[in-house]
Amino acid sequence: MINTEGMVAETAAKIYTDLCGREVPHEAEAGQYPQALWDALAENGLPLAWVSEENGGFGADYDEVFGAIWVSAEAASPVPFAETLIGNWLLDRAGIAIPDGASTFALLEGNTASVPFAGTADHVAVYDAGKNAIALYKTADASAADGQALSPDSDTRLDFSTATPVASAATNLSRRAVEALILTVRAVQMASAIEAALNLSIAYVSDREQFGRPLSKFQAIQHQLAIGASESAAATMAATQAASALARHADDPEKAWHEAVVAKVQIGHSVEAVTVPFHQVHGAMGYTQEYDLHHYTRRLWAWRDTLGNEHRWSKLLGAELAVTSPDQIWKGVTTGAWIAS
Amino acid sequence: MQRFNFPVVQPDPALEELRAELQAFLKEEREAGNFRPEPECWMASSDPEFSKKMGKRGWIGLTWSSQYGGHDKTALERYIVTEETLRAGAPVGAHWIADRQHAPMLIEHGTEEQKLDILPRIAAGECYFAIGLSEPGAGSDLANVKTKAEKVEGGWKINGQKIWSSGAHISHYMVAILRTSPADGRNRHVGLSQIMIDLSLPGVTIKPITDLSGDAHFNEVYFEDVIVPDDCLLGEEGGGWKQVTGELAMERSGPERFLSSYITLETALHQLQGKLGSDSQARLGKLIANLRTLRGMSWGIANLLHQGVSPETEAALVKDLGNRLENDLTLQVRALLNDLPEDEWSDEMRRILNIGILRSPPNTLRGGTTEVMRGITARQLGLR
Ligand SMILES: Cc1cc2nc3c(=O)[nH]c(=O)nc-3n(C[C@H](O)[C@H](O)[C@H](O)COP(=O)(O)OP(=O)(O)OC[C@H]3O[C@@H](n4cnc5c(N)ncnc54)[C@H](O)[C@@H]3O)c2cc1C
């Protein structure tokens, strides 16, 4: 289970309950940005949770913050809360002053990168793996490619080649450390969204009647949701395992890479296994903009592409395991120690 | 709020020491030719000699008190023994069910005399038990059992038939669910009781059934006027249904629900290290991510059980996911092996893979079918 106790998670839960009711993601999609929600998060300093005290944050432990991320995904947060946490984490690790307002992040290879919430966040913290540097840009300074987005907050391709950074600095953060954090945050969001979509599905089939009884009484429907539930439970486990590895290796997040990748692969592959039955049991209603299901399923489709899709990551993990001894693989499976020590 | 409760539990150095001891023992036994690894080893590979060796090392009966021949250890230590022997494909089938299921049942419901007599023999790897739930007319519909136990002077008289009783042909006892009074109209769960039957008693006939892999590990068991003493009733008369469903929940989340075929992968990996092409690497990555996740879930449940919490839904989820994974594992290994020319496959690899294929159908049947598991989950989700 993702830890939802503690000040950060509880404050976030209260803010999301008060200011992000069911209607809010709908209104946001219709162009009415929930400024009050963002302001409340910012006033409470939540986007700075992972920023060190020297840099104006409160240096919270990793696992204190994951509960807040869970809550935000459960509410289909239309503001870039998790993205700002990641962006600010990157800036802080490079000693760059944290800008006001919402931020996002990108992992740059070459000139372009996929950037979530590119249209909403004021700033983007860019990790350039080739240069081992982190730079802060104004999002508006990078040029955006045009394309059909999977979700309102999903990735836009930004081209940074002509943009000038507001600040930049070298970093000794390894690429794997950055990947571990980003993938773990996404894993927590995805597990939360899967569970939220499961809950919607259960409520819907219990309510909707056909052939004179609720859909929930049909065995075929029950079994589809039982499969969804098992995938949901597995997603939560994988996310929790990744979050826990990051908490354990707070001084060296690179060591949490394997558990983060396991979560990326597990949950990425689960997306199809949950979105298919959840949409199926909702019938046509689930395909409408008016209903809530797509707030979760569209985000899941977008998030599974973060830093590349599950096939890419299955292969990255597999390539490493393919030259690893069977004994070491077994050790990884049973204890989470993936590297010979 | 999170719906499912799977705690993440970090490895414990003491447990890892135990793991290392087991690995050394299993390697030595295997290299000495004392066993040939097989998938489904906990059901289909029985070797009383091997069980006695495990008993001597103190690896059976870990959880019960030394007064009864046990070792005063925890369920977590037992978990490590379980997963290492499964990984090795070791012939643990003889003692498995007694150790996992019936010893805890006797501790809860047995008389002092039974405990002193039977538990030390189980722990020594010398006394085996069979599960007597299924009947020809009672599979998924378990409440339909017809085999009867009638009260007679000083005991019970048993008539009827059980089927699919794994290991009954080498077992000393069966714990059976029997009808001790007629079903109460609509409520078919009343009037069922659990009774321990000494399989050497007159009137017991055991006929092995050969499975499609050619193995004969499960059986038909007939009872004709078999008389067992009073104290063989375990738990409450008429309370059998509740006891059985509780016990099934416990047995559904163990490592045998997702590691039965791991030996197939392990054997293949020895051959394939450094030789996998790009598609296969992706398959391997996914498979291992699934295994790691499921192991986390199963280990989380083991820790909850250790704290006295019995999470029935989580156990059903693990069984359903786990059974799918262990079947998928065999299929994935077939795909991975394409990266090696067939004439380079070892005979051992071919043997294990073929056994794995032949023994894959029961994964999603025994211990409750996938459909039954999904029914349990649906009930917990509030859909039924
Ligand atoms: C290798 C092996 C070892 C076993 N060992 C033992 C043992 O030691 N002791 C013991 O007592 N039993 C044992 N069993 C029996 C096992 O528990 C049963 O096979 C199982 O409970 C299913 O019962 P059945 O075979 O009668 O199938 P059935 O109940 O006839 O089911 C056939 C199919 O129909 C489906 N089905 C049935 N009812 C429903 C429903 N209501 N809704 C949807 N689908 C349904 C089932 O899921 C299954 O797919 C063993 C089985 C195997 C394969």
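Residues numbered from 1 in each chain as written. Chains lettered and ligands numbered in written order. Predicted model: local features only at pLDDT ≥ 70, side-chain atom pairs only at ≥ 80, totals over all residues. Heavy atoms only, no water.

> Where do I start with the overall build of chain B in this structure?
In terms of regular secondary structure, chain B is built from 12 helices and eight strands. The C-alpha radius of gyration computed for chain B amounts to 21 Å, which stays within 12% of the reference 21 Å derived for 384 residues, consistent with globular compactness. For chain B, the C-alpha atoms occupy an extent of roughly 70 × 50 × 40 Å along the three principal directions. Classification of the 384 residues of chain B by burial places 57% in the buried group. Across chain B, contacts joining residues at least 24 apart in sequence account for 74% of those joining residues at least 6 apart. Charge separation in chain B, taken as the distance between the mean sites of 42 positive and 53 negative side-chain charges, equals 5 Å. (Helix = DSSP H or I, 4+ residues; strand = E, 2+ residues; numbered from the N terminus. Rg over C-alpha atoms; globule rule 2.2 N^0.38 Å. Buried < 20%, exposed > 50% of the residue type's maximum accessible area, 1.4 Å probe, protein only. Contact = heavy atoms within 4.5 Å. Lys, Arg positive; Asp, Glu negative; His and termini not counted. Charge placed at Lys NZ, Arg CZ, Asp CG, Glu CD.)

> Teacher, can you tell me more about the UniProt feature "domain: Acyl-CoA oxidase/dehydrogenase middle" (unreviewed entry) in chain B here?
The sites that carry the UniProt feature "domain: Acyl-CoA oxidase/dehydrogenase middle" (unreviewed entry) are, in the present numbering, residues 130-226 of chain B. Strand forms 47% of residues 130-226 of chain B and helix 0%; the C-alpha atoms that close the span are 17 Å apart. (UniProt positions renumbered as here; feature names shortened; annotations may be inferred.)

> Just to check I follow, could you spell out the UniProt feature "domain: Acyl-CoA dehydrogenase/oxidase N-terminal" (unreviewed entry) in chain B for this structure?
Residues given the UniProt feature "domain: Acyl-CoA dehydrogenase/oxidase N-terminal" (unreviewed entry) here are residues 15-126 of chain B. Counted over residues 15-126 of chain B, helix gives 65% and strand 0%. Its end C-alpha atoms are 26 Å apart.

> Just to check I follow, could you spell out the site of the ligand for this structure?
All names here are of chain B. Taken together, 17 residues lie near the ligand, and Ser134, Ser140, Trp164, Thr369 and Glu371 sit nearest. In the model, an oxygen atom of the ligand is placed 2.7 Å from a nitrogen or oxygen of the serine 140 side chain. At 2.8 Å, a side-chain N or O of serine 166 approaches a nitrogen atom of the ligand. Taken by itself the ligand offers 960 Å² of open surface, and the protein chains cover 66% of this. (Near = heavy atom within 4 Å. Polar contact = N/O pair within 3.5 Å; in protein donor to acceptor, adjacent residues only side chain to side chain. Areas by Shrake-Rupley, 256 points an atom, 1.4 Å probe, with all protein chains shown as cover.)

> For this particular structure, what's the right way to read the UniProt feature "domain: Acyl-CoA dehydrogenase/oxidase C-terminal" (unreviewed entry) in chain A?
Feature annotation in UniProt places "domain: Acyl-CoA dehydrogenase/oxidase C-terminal" (unreviewed entry) on residues 187-299 of chain A, given in this structure's numbering. Structurally, residues 187-299 of chain A is divided into 74% helix and 4% strand, and its ends, taken at the C-alpha atoms, are 12 Å apart.

> Quick question: what am I supposed to make of the sheet that holds strand β6 (residues 156-159) of chain A here?
By definition, the strands of a sheet pair up through backbone hydrogen bonds, in either a parallel or an antiparallel sense. All names here are of chain A. Spatially, the three strands line up as an open sheet ordered β2-β6-β5, and their pairing is antiparallel. Strands with a single pairing partner mark the edges of an open sheet, and in this sheet they are β2 (112-115) and β5 (143-144). Summarising the sheet, β2 and β6 pair through four bridges and their orientation is antiparallel. Paired with valine 115 across the two strands is threonine 156, which belongs to β6. (Pairing = 2+ DSSP bridges.)

> What am I meant to see in the packing of helix α10 (residues 310-321) of chain A against helix α9 (residues 278-306) of chain B here?
Following both chains from N to C, one finds α10(A) and α9(B) inclined at 95°, their axes separated by 6 Å at the closest point. What the angle tells us is that α10(A) and α9(B) run roughly perpendicular. In this structure, α10(A) contributes A:His311, A:Ser314, A:Lys315, A:Leu317, A:Gly318, A:Ala319 and A:Leu321 to the contact, and α9(B) contributes B:Ser278, B:Gln281, B:Ala282, B:Leu284, B:Gly285, B:Lys286, B:Ile288 and B:Ala289. A breakdown of the residues in the contact of α10(A) with α9(B) according to their chemical character gives seven nonpolar, six polar and two charged. (Axes fitted to C-alpha atoms, helices over the stretch in contact; angles between N-to-C directions. Parallel < 35°, antiparallel > 145°, perpendicular 65-115°, else oblique. Nonpolar A, V, L, I, M, F, W, Y, C, P; charged D, E, K, R; others polar.)

> Can you help me understand the pattern of salt bridges in this one?
Opposite charge on two side chains permits pairing when their charged atoms draw close. As enumerated under the stated definition, the model contains 39 salt bridges over all chains in all. Between A:Glu320 and A:Arg176 there is a salt bridge, and its shortest N-O distance comes to 2.8 Å. Placement of A:Glu320 in helix α10 and of A:Arg176 in helix α6 (residues 175-207) is noted, with a sequence separation of 144 residues between them. Given a relative accessible area of 22%, A:Glu320 falls into the partly exposed group. Salt bridges here are not isolated pairs; linked through shared partners, they connect A:Asp327, B:Glu16, B:Arg19, B:Glu83, B:Glu84, B:Arg87, B:Glu266 and B:Arg295. (Salt bridge = Lys/Arg side-chain N within 4 Å of Asp/Glu carboxyl O.)

> Please clarify how the interface of chain B and chain A should be interpreted in this entry.
For an interface, size is often stated in terms of accessible area lost upon the parts coming together. With 52 residues of chain B in contact, the opposing surface of chain A contributes 57 residues. Summed over both partners, the interface of chain B with chain A comes to about 4700 Å²; 64% of that surface belongs to carbon and sulfur atoms. Interface area lost by chain B to chain A is led by B:Gln2, B:Arg292 and B:Leu383, which between them contribute 18%. At the boundary of chain B with chain A, the tally comes to three salt bridges. Applying the counting criterion to the chain B and chain A interface returns 18 residue pairs in polar contact (both at pLDDT 80 or more). No other element matches α9(B), which puts 15 residues into the side of chain B that touches chain A. Tallied by class, the residues present in the side of chain B that touches chain A amount to 22 nonpolar, 15 polar and 15 charged. (Buried area = accessible area lost by both parts, 1.4 Å probe.)

> Looking at this structure, how should I read the confidence of the model for chain B?
When pLDDT is low, close inspection of the predicted coordinates is not appropriate. For chain B, per-residue confidence averages 95 on the pLDDT scale, and 100% of positions sit at 70 or higher. For this predicted complex, the interface confidence reaches an ipTM of 0.95, while the overall pTM sits at 0.96. (pLDDT = per-residue confidence, 0-100.)

> Teacher, can you tell me more about the nonpolar core here?
As a rule of thumb, soluble globular proteins bury nonpolar side chains together. Core analysis: the largest hydrophobic core is formed by 182 residues, its most contacted members being A:Trp50, A:Phe66, A:Leu90, B:Ile122, B:Phe129, B:Leu265 and B:Leu291. The element best represented in this core is α6(A), accounting for 20 residues. Apart from the residues lying within four places of it in its own chain, the contact partners of B:Phe129 are B:Ile97, B:Ala98, B:His102, B:Leu106, B:Ile118, B:Ile122, B:Ser171, B:Tyr173, B:Val175 and B:Met196. B:Ala149, B:Ile158, B:Ala168 and B:Cys232 belong to the second-largest nonpolar core, a separate cluster that totals 18 residues. (Core = buried A, V, L, I, M, F, W, Y, C linked by side-chain atoms within 4.5 Å.)

> Could you clarify how one ought to interpret the side chain of B:Glu40 in this entry?
Inspection of the secondary structure assignment puts B:Glu40 in the loop between α1 (13-31) and α2 (41-44). Sequence-distant contacts of B:Glu40, defined by excluding residues within four places in its chain, comprise B:Ser45, B:Ser260, B:Arg359, B:Pro362, B:Asn363 and B:Arg366.

> Which parts of the structure should I look at to understand the packing of aromatic side chains?
Two aromatic rings, taken as a pair, are described by how far apart their centres are and by the angle between their planes. Considering all chains together, one arrives at 15 aromatic pairs over all chains under this definition. Judged by centre distance (6.2 Å) and plane angle (70°), the ring pair of A:Phe211 and A:Phe218 falls under edge-to-face. Relative to B:Tyr173, the ring of B:Phe129 lies with its centre 5.1 Å away and its plane at 25°, an arrangement referred to as stacked. With B:Phe129 in strand β1 (residues 129-132) and B:Tyr173 in strand β4 (residues 173-179), this residue pair connects regions lying 44 residues apart in the sequence. Here the two residues B:Phe129 and B:Tyr173 agree in accessibility, since each one is buried. A connected cluster of aromatic rings, assembled from ring pairs, spans B:Phe25, B:Phe35, B:Phe50 and B:Trp59. Looking at A:Arg176, its charged tip hangs above the ring of A:Trp257, at a distance of 3.5 Å from the centre. (Phe/Tyr/Trp six-rings, centres within 6.5 Å; stacked < 30°, edge-to-face > 60°. Lys NZ or Arg CZ within 6 Å of the ring centre and 35° of its normal.)

> It is not clear to me how the sheet that holds strand β3 (residues 123-128) of chain A should be interpreted in this structure. Could you clarify?
Residues and elements named next belong to chain A. As summarised here, the arrangement of the four strands in space is β1-β3-β4-β7, forming an open sheet in which the pairing is mixed. With partners counted over all chains shown, the strands left at the sheet margins are β1 (103-108) and β7 (167-170), one partner each. Direction aside, neighbouring strands of the sheet carry axes that sit 20° apart on average. As paired elements, strand β4 (residues 133-138) and β7 share four bridges and run antiparallel to each other. Counted as the bridge partner of leucine 136 is alanine 167 from β7. Strands β1, β3 and β4 of the sheet are contacted by helix α5 (residues 81-93), whose axis makes an angle of about 65° with β1. The sheet contacts of α6 involve β1 and β3, and relative to β1 the element is tilted by about 130°.

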